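Fold and geometry: a report
Residues per chain, in single letters:
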Amino acid sequence: MLRGGAQRGAAIVGSKMNNVVNSSQQSRSKVLTVENMNPHVKVMEYAVRGPIVARATDIEKEIKAGVEKPFTEVIKANIGDCHATGQNPITFIRQVVALCTYPDILMDNKEFPSDAKERAKRILAGCKGGSIGAYSDSTGVEVIRQDIAAYITQRDGGVPSDPNNIFLSTGASDAIKSVLKLMMTGKGGNEKAGVMIPIPQYPLYSATVAEYNAHQVSYYLDEDNGWALSIEELKRSLNEAKDQCIPKVLCVINPGNPTGQVLTRANMEAIIKFAYEENLFIMADEVYQHNIYAEGSEWFSFKKVLIEMGAPYNEMELASFMSTSKGYMGECGYRGGYCELTNLDPGVMAQLKKYISAKLCPPISGQVAMDVVVNPPTPGEPSYNQFVQEKMHVLSQLNEKAKLVTKLFNSIPGMSCNEVQGAMYSFPRIDLPAKAIEAAKADGKSPDAFYCFALLEETGICVVPGSGFGQKSGTFHFRMTILPPLEKLRAVLEKFKIFHKNFIQKYS
């Protein structure tokens, strides 16, 4: 026990040590701050899950807490999340995934059909240790890649596909980012990689271009011509960008997101010829290939068209992307996707496989779901009739909803909406009064965001402002999914019609 001077000395030493510690704690700043973090991440924007969606989530919490609103629920029509809006899973997909997940118990269950069990056994035999809990090859389970290649060959009328040119991914988004990564020059200034993307576009592309410090080369789709892709516009955008970057890749979304158009074969051939002349790598986002609604519209893969055009076009480089998240499946949460590479340089392919190996492998359950998409029940198998019935029900409902949405938006004065030929979205144009534009400016928002926030606060309907996808200057749009159940969608559209009329009156 310390006494007298010793106690006072110890106290002084302790005090000084505390001061040193406190001083150190006060002077040490965060290693990572908004000011010194990666500037390219700060530039990124992703409107589909942006501020308006955050506000929608807050409103949901307010409703649960008892806050009174002029509506009882938030309708999130901002994102193509099929099951979140009420779509039922396809039975056969879930059966195969369940069997692969818990085979020891479920394989003897008589409620599971034999064709589901056969597929599960084949997939498990291709997994290390017979378990989807094991890593797969970085490019994906080999038997699943074989099934994807067989599917593509059949889909494209016999155009061959090689499983060695296919890699599975965590949704199509991950594959798109992986291929875009290969395009980067690693340089700045006018030596950045130029990436041609459609406007309006799915914000993944602009966000990834910003993240990778590439140069966005925007080409505008022709709204007055059904969101057509004009070759003259491609030439204009490319020529204007050539002194700012090294153009390397042309991204095409078909069917379109958010615009819902389906490219004609003649248009696709012209696009391929343009890419050949300009020495561009084509990236074809084809995740909505099952979602075709408009009479007279027909979907072709870019690979099929490119190969059937013959030399020299059939030797061009192409990356094509597919996903379990869209189509009739809507299995967003499994994050299943794949990329097929056509005519890629063998050395580049080796580098790509090295790159994706650092991510080990995509989720195996997502790979299983993808396998069912490309290897569904066939005529004569026990699950065939139910599978076809469920698939056609989803697609017929989407077809009806596409027509309903197009018709209603075109019936409202001051609005116009091109036919939703495919995909899962409408992208109507709204004519906003000058007073609304002034009010938006005063509120620090773009006019279309101002409109969409008002729609959310007054009706509970959550849509995404067109500015998040890109649009011609002076035009205003929003993207709304066609996914809510038919009766709910009808009610949503009626609420929207009333809101729009009141909004225009208020600011006229």
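Quick caveat, the model's predicted, so the values are computed rather than measured. (Residues numbered from 1 in each chain as written. Predicted model: local features only at pLDDT ≥ 70, side-chain atom pairs only at ≥ 80, totals over all residues. Heavy atoms only, no water.)

Topologically, Asp115 is positioned in helix 6 (residues 114–125). One buried charged side chain, Asp115, makes no salt bridge at all; its nearest oppositely charged neighbour is Arg119, positioned 4.8 Å away. Residues within four places of Asp115 in sequence aside, it is in contact with Phe92, Pro377, Glu381, Pro382, Ser383 and Tyr384. (Helix = DSSP H or I, 4+ residues; strand = E, 2+ residues; numbered from the N terminus. Buried < 20%, exposed > 50% of the residue type's maximum accessible area, 1.4 Å probe, protein only. Lys, Arg positive; Asp, Glu negative; His and termini not counted. Salt bridge = Lys/Arg side-chain N within 4 Å of Asp/Glu carboxyl O. Contact = heavy atoms within 4.5 Å.)

One simple way to see leftover space: roll a probe sized like a water molecule over the atoms. Counted by the stated rule, this structure contains five cavities of 30 Å³ or more. Each pocket or cavity is described by its volume, and for the largest cavity that value is around 60 Å³. Lining the largest cavity are Pro198, Pro200, Tyr219, Leu221, Leu229, Val252, Ile253, Gly256, Asn257, Thr259 and Gln261. Residue composition of the lining of the largest cavity, by class: seven nonpolar, four polar and no charged. (1 Å grid on protein atoms, 1.4 Å probe; cavity = no way out; pocket = protein on both sides within 12 Å on 5 of 7 lines; lining within 4 Å. Points joined across faces, edges and corners; volume = space filled by probe spheres on them. Nonpolar A, V, L, I, M, F, W, Y, C, P; charged D, E, K, R; others polar.)

Read from one edge of the open sheet, seven strands run 2-8-7-6-5-3-4, paired in mixed fashion. A single partner strand is all that each edge strand has here, and the edge strands are strand 2 (166–170) and strand 4 (215–220). Averaged over all pairs of adjacent strands, the angle between their axes in this sheet comes to 25°, without regard to strand direction. As paired strands, strand 2 and strand 8 (residues 336–342) are joined by five bridges and run antiparallel to one another. Among the inter-strand pairings, Ile166 is bridged to a residue of strand 8, identified as Glu340. Across the sheet, helix 10 (residues 231–241) lies against strand 3 (193–199), strand 4 and strand 5 (246–253), angled at about 155° from strand 4, the strand it touches most. Strands in contact with helix 14 (residues 364–374) are strand 2, strand 7 (318–323) and strand 8; relative to strand 8, the strand with the most contacts, it is inclined by about 65°. (Pairing = 2+ DSSP bridges. Axes fitted to C-alpha atoms, helices over the stretch in contact; angles between N-to-C directions.)

This paragraph deals with the nonpolar core. If you look at the biggest cluster of nonpolar residues, it comprises 118 residues, and the most contacted ones within it are Val179, Met283, Tyr338, Phe409 and Phe478. With eight residues, the single largest contributor to this core is helix 15 (residues 384–411). Discounting residues that sit within four places of it in the chain, Met283 has contacts with Ile176, Val179, Leu180, Val249, Leu250, Cys251, Val252, Ala319 and Phe321. Judged by nonpolar contacts, the second largest core, of 33 residues, contains Val217, Leu234, Ala284 and Phe302. (Core = buried A, V, L, I, M, F, W, Y, C linked by side-chain atoms within 4.5 Å.)

A word on the packing of aromatic side chains. Scanning the entire structure with this criterion turns up 17 aromatic pairs. With centroids separated by 5.7 Å and ring planes inclined at 85°, the aromatic side chains of Phe409 and Phe478 adopt a geometry described as edge-to-face. Of this pair, Phe409 sits in helix 15 while Phe478 sits in strand 14 (residues 478–481), and the two are 69 residues apart along the sequence. Given a relative accessible area of 0%, Phe409 falls into the buried group. Under the relative-accessibility criterion, Phe478 is labelled buried at 0%. Centre to centre, the rings of Phe450 and Tyr507 are 5.7 Å apart; their planes meet at 75°, and the pair counts as edge-to-face. Of this pair, Phe450 sits in helix 17 (residues 447–459) while Tyr507 sits in helix 18 (residues 486–507), placing them 57 residues apart in sequence. (Phe/Tyr/Trp six-rings, centres within 6.5 Å; stacked < 30°, edge-to-face > 60°.)

What follows deals with the pattern of salt bridges. Under the counting rule described, the total for this entry stands at 24 salt bridges. Between Glu62 and Arg55 there is a salt bridge, with the nearest N and O atoms lying 2.9 Å from each other. Between Arg265 and Glu269 there is a salt bridge, with the nearest N and O atoms lying 3.4 Å from each other. Note that Arg265 and Glu269 are positioned in helix 11 (residues 265–277) at a spacing of four residues, about one turn of the helix. Given the relative accessible area of 23%, Arg265 is considered partly exposed. Exposure remark for Glu269: the relative accessible area of 27% places this residue in the partly exposed category. Put simply, Arg55, Glu62, Lys69 and Glu457 are held in one network by salt bridges that share partners.

The strand order 10-14-13 describes an open sheet built from three strands, whose pairing is antiparallel. Every interior strand has two partners, whereas the edge strands, strand 10 (425–426) and strand 13 (464–465), have only one. Here strand 13 runs beside strand 14; their pairing, made up of two bridges, is antiparallel. In the strand pairing of strand 14, Val464 is matched with Arg479.

What follows covers the packing of helix 17 against helix 18. In a pair of packed helices, the angle between the axes and the distance between the axes together describe the arrangement. It is at 11 Å that the axes of helix 17 and helix 18 come closest, and there the two elements cross at 125°. By the angle between their axes, helix 17 is oblique relative to helix 18. Considering only the axes of helix 17 and helix 18, their crossing is right-handed. In this structure, helix 17 contributes Phe450, Tyr451, Ala454, Leu455, Glu458 and Thr459 to the contact, and helix 18 contributes Lys495, Phe496, Phe499, His500, Phe503 and Tyr507. A breakdown of the residues in the contact of helix 17 with helix 18 according to their chemical character gives eight nonpolar, two polar and two charged. (Parallel < 35°, antiparallel > 145°, perpendicular 65-115°, else oblique. Left-handed = near helix turned anticlockwise from the far one by under 90°.)

Burial of strand 7 is extensive: six of the six residues sit out of reach of the surface. Across the two faces of strand 7 the burial is the same, with Leu318, Ser320 and Met322 and Ala319, Phe321 and Ser323 all buried. Of the strand pairs in this sheet, strand 6 (residues 281–285) and strand 7 are connected by four bridges, and their pairing is parallel. In the sheet register, Met283 faces strand 7, and the bridge partner there is Ala319. Note on the crossover from strand 6 through helix 12 (residues 302–308) to strand 7: the handedness is right-handed. The pairing of strand 7 with strand 8 spans six bridges and is classified as antiparallel. Within the sheet, the bridge partner assigned to Met322 lies in strand 8 and is Tyr338. (Right-handed = clockwise from strand over helix to strand, strands pointing away.)

The analysis is restricted to geometry; functional conclusions fall outside its scope.
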